[in-house]
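# Descriptive analysis of the structure
Spelled out, the chains give:
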Amino acid sequence: MKYGVGIDVSKGKSTVSILSIEGEVIEMPFDVNHDLTDLSSLDEKLNKFPKEDIKIVLEQTGTYHLPILSYLLEKRYCVVAENALKIKKYLDRSLRKAKNDNKDSLKLAEYACDNWYKLKANALEEEKYKELKFLSRQYFSFVNIKVQQKVDFSNLCDILFPGYYQLLEEYNFILGLKVFEKFNDPVIIKNMKEEKFYKEIDKIAQKIGQSRAGRTLATKVYQLAKVSYSSCPSNSSTQLIIDKSVSALILSIESANEIISKMNEVAKTMDEYDEVKNMSGVGNRLAPILIAEIGDIRRFKNAGSLIAFAGIDAPPYQSGQFEAVHRHISKRGNKYLRKAGYEVMKSIKSFCKIGNELYDYMLQKESEGKCKKAAKIATLNKFLRQYYGILKKKYIELGTW
């Protein structure tokens, strides 16, 4: 007898049901907290059945499902973390739209029984891939915070020192923040002697190890102060907001950089790191992110599967005499991989030259009439095929494919 186990995941707890493949309810819905006591109790219930006769289905819920998924995989159960959209469409097939945790867990168990022979178990990720993926998601979280803080800082500059934010580049950004923290009122700068102002900026620049950028930035700031008008008075309240904004932004930048450094440290110990890093448009920052988000390339049956995983495939759409020709990408895949891949494409467009295969391909697509974004996506498709081919060749040479 085959059995389907449905787990409806919530924050901190899950609701579990067990059905036979013939539709008999073996276990009515019961709650399991995500702690060792309850998880061990669930293991005891499931141990009553042969492991080869059980398939467990739960919905991917961002992070909520990870504790129970990891536990059951470690116990060597066949667990399938299904795409949330697939589960939603399955749950919505009934005419009566009733929803609660108990009903959902029963429907998930029913889904496991209905799709018994199609379900493919999740693999227990190797520790390094798991660690990299965790770091990657935290990195993107810090980047989102950093982007919002940059927007807030830009708005602050527009109020206190219009035009200041436009003087900042990637190479002098931290220096610019430190300078703004101390000199945020154009009136104060205008009333200073030019050489004295330059010396003050030099001190700040030397302190953070950016001496060469100090004089250039100081000249630009001093010239801007002569024509800039502040719409907010300089006082203790203004200084408090500036101090907190600058400190928070520097912290988020440094945190993101430290995470990338740690990701590189982990990725360097992996077989694919050198091959990925040497690909066009990929460097120290993007290499570990690509490895983290793609994971073990051997889990994909071909390059098309990797492209679908990234969500940049355009599935066919045909009915009767109608067949769609111009299809958009599905976007039903790993959004973090798409983001990293698009950054690779921007890097190729900015820094590669004619003669580079991917750069030439991007120019070719643009010459065919595609917009620049569509040309980048088409090139990303080619890039992922190269990625798959290079690593497949590497693992075949190592004898681990």
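This report concerns the structure included in the present document. (Residues numbered from 1 in each chain as written. Predicted model: local features only at pLDDT ≥ 70, side-chain atom pairs only at ≥ 80, totals over all residues. Heavy atoms only, no water.)

### Focus on the overall build of the chain
Counting its secondary structure elements, the chain contains 16 helices and 7 strands. Once the C-alpha set of the chain is aligned to its principal axes, its extents read approximately 90 × 55 × 50 Å. Taking all 401 residues of the chain together, 43% fall into the buried category. The long-range share in the chain, meaning contacts at least 24 apart out of those at least 6 apart in sequence, stands at 63%. Accessible surface for the chain amounts to roughly 22,300 Å². Of this, 51% is attributable to carbon and sulfur atoms. Separation between the mean location of the 65 positive side-chain charges and that of the 51 negative ones in the chain comes to 5 Å. (Helix = DSSP H or I, 4+ residues; strand = E, 2+ residues; numbered from the N terminus. Buried < 20%, exposed > 50% of the residue type's maximum accessible area, 1.4 Å probe, protein only. Contact = heavy atoms within 4.5 Å. Areas by Shrake-Rupley, 256 points an atom, 1.4 Å probe, with all protein chains shown as cover. Lys, Arg positive; Asp, Glu negative; His and termini not counted. Charge placed at Lys NZ, Arg CZ, Asp CG, Glu CD.)

### Some details on the nonpolar core
In terms of nonpolar packing, the biggest core is built from 49 residues, with Val282, Leu290, Ile291, Ile297, Phe383, Leu384 and Tyr387 touching the most fellow members. Residue assignment for this core shows that the elements contributing at least two residues are helix 5 (127-160), helix 10 (236-267), helix 11 (273-277), helix 12 (286-294), helix 13 (303-310), helix 14 (335-351), helix 15 (357-367) and helix 16 (372-398). With 9 residues, the top contributor of residues to this core is helix 16. What isoleucine 297 contacts, discounting residues up to four positions off in sequence, is Leu306, Tyr387, Tyr388, Leu391, Tyr395 and Trp401. Grouped together as the second largest cluster of nonpolar side chains are 34 residues, Leu160, Val179, Leu217 and Leu224 included. (Core = buried A, V, L, I, M, F, W, Y, C linked by side-chain atoms within 4.5 Å.)

### Topic: a nonpolar patch on the surface
Together, Met1, Ile21 and Tyr117 make up a nonpolar patch on the protein surface, roughly 350 Å² of accessible area in all. Residue position: isoleucine 21 is located in the loop between strand 2 (13-20) and strand 3 (25-33). What makes isoleucine 21 partly exposed here is its relative accessible area of 32%. (Patch = residues over 30% accessible without salt bridge, like charges linked within 9 Å, V, L, I, M, F, W, Y side chains within 5 Å. Salt bridge = Lys/Arg side-chain N within 4 Å of Asp/Glu carboxyl O.)

### Details of unusual backbone geometry
Its identity is not glycine, yet arginine 76 carries a phi of approximately 70°, on the positive side. Of note in this structure, lysine 331 is not a glycine but carries a positive phi near 55°. Mapped onto the elements, lysine 331 comes out in the loop between strand 7 (322-323) and helix 14. Since its relative accessible area comes to 56%, lysine 331 is described here as exposed.

### Structural notes on the sheet that holds strand 5 (residues 79-82)
Strand order in the open sheet formed by 5 strands is 3-2-1-4-5, with mixed pairing between adjacent strands. If you trace the sheet from one side to the other, it starts and ends with strand 3 and strand 5, each paired once. Neighbouring strand axes in the sheet, compared pairwise and without regard to direction, differ in orientation by 20° on average. (Pairing = 2+ DSSP bridges. Axes fitted to C-alpha atoms, helices over the stretch in contact; angles between N-to-C directions.)

### Structural notes on the side chain of glutamate 343
For glutamate 343, the position within the fold is in helix 14. Look past the residues within four positions of glutamate 343 in its chain and what remains in contact with it is Arg285 and Leu286.

### Notes on the pairing of strand 3
Strand direction decides the pairing type here: strand 2 and strand 3, joined by 6 bridges, are antiparallel. Across the sheet, threonine 15 pairs through a bridge with aspartate 31, a residue of strand 3.

### Brief notes about the packing of helix 6 (residues 173-182) against helix 8 (residues 194-207)
In contact at an axis separation of 10 Å, helix 6 and helix 8 are set at 135° when each is read in the N-to-C sense. Between helix 6 and helix 8, the angle falls in the class oblique. The two elements helix 6 and helix 8 cross, and the hand of that crossing is right-handed. Seen from helix 6, the contacting residues are Leu175, Lys178, Val179 and Lys182; seen from helix 8, they are Glu200, Ile201, Ile204 and Ala205. The residue inventory of the contact of helix 6 with helix 8, partitioned by class, reads 5 nonpolar, no polar and 3 charged. (Parallel < 35°, antiparallel > 145°, perpendicular 65-115°, else oblique. Left-handed = near helix turned anticlockwise from the far one by under 90°. Nonpolar A, V, L, I, M, F, W, Y, C, P; charged D, E, K, R; others polar.)

### What to know about the pattern of salt bridges
Summed over all chains, the structure comprises 15 salt bridges. Here glutamate 293 makes a salt bridge to arginine 137, at a shortest N to O gap of 2.9 Å. In this pair, glutamate 293 sits in helix 12 while arginine 137 sits in helix 5, placing the two residues 156 residues apart along the sequence. Take arginine 137: its relative accessible area is 27%, and that puts it in the partly exposed class.

### Re helix 14
Along an α-helix, residues three or four positions apart point the same way, because every turn accommodates 3.6 residues. Between its terminal C-alpha atoms helix 14 stretches 24 Å, which fits the 24 Å expected from 17 residues at 1.5 Å a residue. Looking only at helix 14, the buried set comprises Leu337, Arg338, Ala340, Gly341, Glu343, Val344, Met345 and Ile348. Taking the backbone nitrogen of tyrosine 336 as reference, a side-chain oxygen 2.9 Å away marks asparagine 334 as the first, capping residue of helix 14. (Expected span 1.5 Å × (residues − 1). Polar contact = N/O pair within 3.5 Å; in protein donor to acceptor, adjacent residues only side chain to side chain.)

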